[in-house]
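Here is what each chain is made of, one letter per residue.
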Amino acid sequence: DAGVIQSPRHEVTEMGQEVTLRCKPISGHDYLFWYRQTMMRGLELLIYFNNNVPIDDSGMPEDRFSAKMPNASFSTLKIQPSEPRDSAVYFCASSFSYGGNQPQHFGDGTRLSIL
Amino acid sequence: DAKTTQPPSMDCAEGRAANLPCNHSTISGNEYVYWYRQIHSQGPQYIIHGLKNNETNEMASLIITEDRKSSTLILPHATLRDTAVYYCIVRADWADKLIFGTGTRLQVFP
């Protein structure tokens, strides 16, 4: 089975531009998570969805960030306008059901560089 | 979620067993022990998890002490491709998020 698929793998853009990151979760998984990884802060959860509905967005850094999940097989994370401090690796993960006994499976991430 | 403590780095010879320790002395009864690893430029990869009993899968074995205050991840025959950062995470049964610490950087050498 295919794992979590993210696109693009790399994105370089100028400050102020809109950036859209995409994620396709593992088929049948009903939880989807967006994480961000930086050297300073490590891996941190931004937002997660259950059955396409956002459940907790308390990790979203500010209003410039938004995430949607229009259907069970697709999610986007959008940054508008982008800033250099948004440069990071963004990971999407999915899991079947909820709770401590269900592992999350990660994609290979999008490496974002804002110039 | 309980806090975990791992050594920052370890070395292991190729073909030998790699034993990665993790302390989680404040773990609660409903908290699972998870192990992930992250190979350079890739996403975190799930390895194994357990609650009380020792667990084994095709990748590794997880040994949890009887008091559950520590655990060991065992890679039985380490290869160069096992070089990665290994994260031990304690996660409550009701928890949504995974909280990653700084992990152990395992270097497997020829």
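### Some points on the overall build of chain B
A count of helices and strands for chain B gives zero helices and nine strands. Rg of the C-alpha trace for chain B: 13 Å, near the compact-globule value of 13 Å for 110 residues, within the 12% margin. Oriented by its inertia axes, the alpha-carbon framework of chain B measures out at about 40 × 30 × 25 Å. Among the 110 residues that make up chain B, the fraction classed as buried is 46%. If you take every contact in chain B between residues at least 6 apart in sequence, the share linking residues at least 24 apart comes to 57%. A total of about 5600 Å² of accessible surface is found on chain B, and carbon and sulfur atoms cover 50% of it. Taking the average location of the 10 positive side-chain charges in chain B and that of its 11 negative ones, the two points are 4 Å from each other.

### With respect to the overall build of chain A
Across its full length, chain A carries zero helices and 11 strands. Along chain A, from the amino end to the carboxyl end, the secondary structure elements read β-β-β-β-β-β-β-β-β-β-β. For the C-alpha atoms alone, the extent of chain A along its principal axes is close to 40 × 30 × 25 Å. Sequence separation of at least 24 residues holds for 54% of the intrachain contacts in chain A that already meet a minimum separation of 6. A total of about 5700 Å² of accessible surface is found on chain A, and carbon and sulfur atoms cover 49% of it.

### Some words on unusual backbone geometry
All names here are of chain A. Going from Ser 7 to Pro 8, the amide bond is cis rather than trans, its omega being -10 degrees. Tracing the sequence through the fold places Pro 8 in the loop between strand S1 (5-7) and strand S2 (10-13). The omega torsion across Gln 80 and Pro 81 is -5 degrees, close enough to zero to call that bond cis. Here Pro 81 shows up in the loop between strand S8 (74-79) and strand S9 (88-95). One non-glycine residue, Asn 51, lies in positive phi territory at about 50 degrees.

### Considerations on the sheet that holds strand S5 (residues 55-56) of chain B
All names here are of chain B. One open sheet accounts for four strands, arranged S2-S7-S6-S5; its pairing is antiparallel. Since the sheet does not close on itself, it has two edges, and those belong to strand S2 (18-23) and S5, each with one partner. As judged from the two bridges shared by S5 and strand S6 (residues 61-64), these two strands associate in the antiparallel manner. Paired with Thr 56 across the strands is Ser 61, a residue of S6.

### Looking at the interface of chain B and chain A
At the junction of the two partners, chain B supplies 20 residues and chain A supplies 21 residues. Taking both partners together, chain B and chain A bury about 1600 Å²; carbon and sulfur atoms supply 49% of that area. Considering only the side of chain B, the residues that lose the most area to chain A are Pro44(B), Asp96(B) and Phe100(B), jointly responsible for 28% of the buried surface there. Between chain B and chain A we count eight residue pairs in polar contact (both at pLDDT 80 or more) in total.

### So, the environment of Cys23(A)
Residues and elements named next belong to chain A. Mapped onto the secondary structure, Cys 23 falls in strand S3 (residues 19-24). A residue is classified by how much of its surface remains accessible, and Cys 23, at 1% relative accessible area, is buried. Taking C-alpha positions, Cys 23 is 6.3 Å from Cys 92, a pair spaced 69 residues apart along the chain. Look past the residues within four positions of Cys 23 in its chain and what remains in contact with it is Val 4, Ile 5, Leu 32, Trp 34, Ser 73, Phe 74, Ser 75 and Cys 92.

### Details of the state of the cysteines
Taken as a whole and judged by the stated rule, the model has two disulfides over all chains. Here Cys23(A) is linked by a disulfide to Cys92(A), with a sulfur-sulfur distance of 1.9 Å. Looking down the S-S bond of the Cys23(A) and Cys92(A) bridge, the torsion is -70 degrees, so its handedness is left-handed. Of this pair, Cys23(A) sits in strand S3 while Cys92(A) sits in strand S9, and the two are 69 residues apart along the sequence. Left unpaired, Cys12(B) is separated from the closest cysteine sulfur, that of Cys22(B), by 18 Å. Given the relative accessible area of 5%, Cys12(B) is considered buried.

Definitions and limits used
- Residues numbered from 1 in each chain as written.
- Chains lettered and ligands numbered in written order.
- Predicted model: local features only at pLDDT ≥ 70, side-chain atom pairs only at ≥ 80, totals over all residues.
- Heavy atoms only, no water.
- Helix = DSSP H or I, 4+ residues; strand = E, 2+ residues; numbered from the N terminus.
- Rg over C-alpha atoms; globule rule 2.2 N^0.38 Å.
- Buried < 20%, exposed > 50% of the residue type's maximum accessible area, 1.4 Å probe, protein only.
- Contact = heavy atoms within 4.5 Å.
- Areas by Shrake-Rupley, 256 points an atom, 1.4 Å probe, with all protein chains shown as cover.
- Lys, Arg positive; Asp, Glu negative; His and termini not counted.
- Charge placed at Lys NZ, Arg CZ, Asp CG, Glu CD.
- Pairing = 2+ DSSP bridges.
- Buried area = accessible area lost by both parts, 1.4 Å probe.
- Polar contact = N/O pair within 3.5 Å; in protein donor to acceptor, adjacent residues only side chain to side chain.
- Disulfide = S-S within 2.5 Å.

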